[in-house]
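Observations on the model geometry
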Amino acid sequence: FVYVGPIGDGGWTHEHDKGRLAVEAEFGDAVETVYVESVAEGPDSERVMTQMALDGADLIFTTSFGYMDPTINIAKKFPKVKFEHATGYKRGKNISTYSGRFYEGRAILGTIAGHMTKTNVVGYIASMPIPEVIRGINSFTIAMRKVNPKAEVKVIWVNSWYDPGKEGDAAKALIDQGADIITQHTDSPAPLQVAEKRGVFGFGQASDMSTFAPKSQLTAIVDDWGPYYLARTKAAMDGSWESTDTWAGIKDGMVHMAPYSDLVPEDVQKAADAVKTAIVDGTLHPFAGPIKNQEGKVVVKEGETLEDGALLGMDWYVEGVQGKLPK
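Scope of this entry: the structure provided in the associated data block.

Here is what the cut-offs are and how they apply
Here the residue numbering is sequential within each chain, running from 1 through the sequence in written order. Where totals are concerned, whole chains, interfaces and linings use all residues; where local detail is concerned, this predicted model gives features only for residues with pLDDT of at least 70, and gives and counts side-chain atom pairs only at 80 or more. Only hydrogens and water are set aside when side-chain values are computed; all heavy atoms of the structure are taken into account. Pairs were defined over the aromatic rings of Phe, Tyr and Trp, the Trp ring being its six-membered one, requiring ring centres within 6.5 Å. Orientation was assigned from the angle between planes: stacked under 30 degrees, edge-to-face over 60, tilted for the rest. Helix and strand labels come from DSSP, where a helix needs a run of H or I of at least four residues and a strand needs a run of E of at least two; each type is numbered from the N terminus. Burial status follows relative accessibility: with a 1.4 Å probe on protein chains alone, a residue under 20% of its type maximum counts as buried, one over 50% as exposed, and anything between as partly exposed. We call a charge positioned above a ring when the Lys NZ or Arg CZ atom is no farther than 6 Å from the ring centre and deviates by at most 35 degrees from the ring normal. Convention adopted: a line fitted to C-alpha atoms gives each axis, helices being fitted over their contacting stretch, and angles between N-to-C directions are expressed from 0 to 180 degrees. Handedness of each helix crossing follows the sense of rotation of the near helix against the far helix: counterclockwise by less than a right angle gives left-handed, clockwise gives right-handed. The contact definition used throughout considers only heavy atoms, calling two residues in contact when any of these lie within 4.5 Å. Gly falls in the polar group here, along with every residue not listed as nonpolar (Ala, Val, Leu, Ile, Met, Phe, Trp, Tyr, Cys, Pro) or charged (Asp, Glu, Lys, Arg). The salt bridge definition used is simple: a Lys or Arg side-chain nitrogen within 4 Å of an Asp or Glu carboxyl oxygen.

Moving on, we come to the packing of aromatic side chains. Enumeration according to the criterion identifies 18 aromatic pairs in this entry. Taken together, a centroid distance of 6.4 Å and an interplanar angle of 45° make the contact between F65 and Y89 tilted. With F65 in the loop between strand 1 (59-62) and helix 3 (68-77) and Y89 in the loop between strand 2 (82-86) and strand 3 (95-100), this residue pair connects regions lying 24 residues apart in the sequence. With a centroid separation of 5.9 Å and 65° between ring planes, the pair formed by Y103 and W247 is classed as edge-to-face. Linking Y103 in helix 4 (residues 102-116) with W247 in strand 9 (residues 245-248), this pair joins segments that are 144 residues apart in sequence. Summarising the burial analysis for this pair, Y103 and W247 share the class buried. The side chain of R101 reaches across the aromatic face of W247, ending 4.0 Å from its centre.

This is the structure:
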């Protein structure tokens, strides 16, 4: 397992490592797992993957978007090793891809934020300007403005997945700009901790972060990688492994929500649950039209829904997001 952050980040890498531990618990002495944490995207990750393959790894999970090209490069050199790349889109004979439909959870967060913001300004701390992150911002904003058309999202990009200092500073800046709710697509609990100190609400990312900010976290998107890691390990062991692409959401259990805080009013919890239920039963898609882009032009007509291809390549903001999208 190649990790972009430390296993103690409380978020993204923490949840991937829980999946690794689930593999150990399930298969016992039949498997041996190893991991390297805080591996920078780029040449460093290639070195780590190469060493894992040379050391005899049969199956390597590379758990960050920026590991995509390094995974492709190393997989070509070790055709007998199986690779699993999280959140990427490039596959090969010995490379599978997998990700969660995190945007479904963002729609639930946006619904809560729209009901609970009093300043009509919500702060969003973003990591890297890739479609996955942009998709989340847009899903959140669409859902928020359905219940509160006056609410807007301010985004600060920190250009890092895990940097508690930058994440905390971004939260402070957004609160200074009037945000009374903070959400994030970064991996540390620092934004929530700042939110708690400043007396505003927030949402956890990738993991239940309530222990870090019990008076701030309203809920959190939780990534559950365990079942996928168990299934793919079993497939590698019994010879049924093949290159696949998996994009699973709330219905499949790869994405779920942490318990609501008592800070979330009962009627808001019911509204959020209604969104969750509708997503699961297929009566609601977070990107169903009408949708306007940032300039106010209708880009998805009523009765239409953005297809997966458009979601996977998303590079534009919806109406209600302030600021310019970095290139």
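To describe two helices that pack against each other, one gives the angle between their axes and the distance between the axes. The interhelical angle for the contact between helix 2 (residues 43-54) and helix 3, taken along N-to-C directions, is 35°, at an axis separation of 9 Å. Judged by the sense of rotation from one axis to the other, the crossing of helix 2 with helix 3 is right-handed. Residue-level contacts link S45, E46, M49 and T50 of helix 2 to P70, T71, N73 and I74 of helix 3. Classifying every residue of the contact of helix 2 with helix 3 by side-chain character gives three nonpolar, four polar and one charged.

Our next topic: the pattern of salt bridges. Under the criterion given, the structure shown has eleven salt bridges. When the shortest N-O distance is used, the salt bridge between K90 and D69 registers 2.8 Å. Placement of the pair is K90 in the loop between strand 2 and strand 3 and D69 in helix 3, with a sequence separation of 21 residues. Between K234 and D238 there is a salt bridge, with its nearest N and O atoms 3.4 Å apart. Residue K234 and its partner D238 are both found in helix 8 (residues 226-238); the two are separated by four residues, about one turn of the helix. Taken together, the salt bridges that share partners define one network made up of D17, R20 and E24.

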